[in-house]
Amino acid sequence: RPHSAKTFDVHLMISPIDQFLEDFANAGADVITVHPEAGPHLHRTIQRIKSLGKRAGVSLNPATPAKMLDYVLEEIDLVLVMSVNPGFGGQSFIASQLRKIEAIRKRIDKLGKPIDLEVDGGIDVATAKLAIEAGADVLVAGTATFRGGPEAYAANIAALRGS
């Protein structure tokens, strides 16, 4: 944290989650994103993140329905749609997640609250464009950024930004 003023967006895929929130907040996280499946009381977890002075996010795996946001959307600052099954890099984008992104974007817009809609998994030049068209406003691109080694990073990022 002392080496960067950039936003630290921490996506925690651990269970149980609540006992670690304060540690990540103290380590310098700005946004803490959790999965509904990570604890027995998602609303309580979101309240705890907020009480630590951090932005709260909820992440949905490909098989986790958007309805999991039904009673917490007004409370959060970010929704993260996983467009691959988490676990390792280099996976292909799951196209069915575009419908989920569209549905969540409509709900966010209807609510009128500034909630980031982030997509992570299989993001490359082609899928970045599709995710943005579906309503995403934040993208996570691992493999597409780092492919080709350090000499290719700048060009890879430029290509993604041009999507």
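Below is a short write-up of the structure. What you are looking at is a predicted structure, and each value in this text was computed from that prediction instead of being measured.

### Regarding the overall build of the protein
Within the protein one finds six helices and six strands. Mapped in sequence order, the helices and strands of the protein form the string β-α-β-α-β-β-α-β-α-β-α-α. By principal-axis analysis of the C-alpha atoms, the protein measures approximately 40 × 40 × 30 Å. Relative to its 163 residues, the protein shows a buried fraction of 42%. Taking all contacts inside the protein whose residues are at least 6 apart in sequence as the whole, residues at least 24 apart take part in 52%. If you sum the accessible surface of the protein, you get close to 8800 Å²; carbon and sulfur atoms cover 55% of it. Looking at the protein, you have 18 positive and 19 negative side-chain charges, and the mean spots of the two groups are 3 Å apart.

### Some remarks on the pairing of strand S2 (residues 31–34)
Here S2 shows two buried faces, one formed by Val31 and Thr33 and the other by Ile32 and Val34. Across three bridges, strand S1 (residues 9–11) lies against S2 in parallel orientation. In the sheet register, Val10 faces S2, and the bridge partner there is Ile32. Remark: the S1/helix H1 (residues 21–27)/S2 crossover connection has right-handed handedness. Summarising the sheet, S2 and strand S3 (residues 55–60) pair through four bridges and their orientation is parallel. In the sheet register, Ile32 faces S3, and the bridge partner there is Ala56. On the question of chirality, the crossover connecting S2 to the parallel S3 by way of helix H2 (residues 42–51) is right-handed.

Scoring rules and cut-offs
- Residues numbered from 1 in each chain as written.
- Predicted model: local features only at pLDDT ≥ 70, side-chain atom pairs only at ≥ 80, totals over all residues.
- Heavy atoms only, no water.
- Helix = DSSP H or I, 4+ residues; strand = E, 2+ residues; numbered from the N terminus.
- Buried < 20%, exposed > 50% of the residue type's maximum accessible area, 1.4 Å probe, protein only.
- Contact = heavy atoms within 4.5 Å.
- Areas by Shrake-Rupley, 256 points an atom, 1.4 Å probe, with all protein chains shown as cover.
- Lys, Arg positive; Asp, Glu negative; His and termini not counted.
- Charge placed at Lys NZ, Arg CZ, Asp CG, Glu CD.
- Pairing = 2+ DSSP bridges.
- Right-handed = clockwise from strand over helix to strand, strands pointing away.

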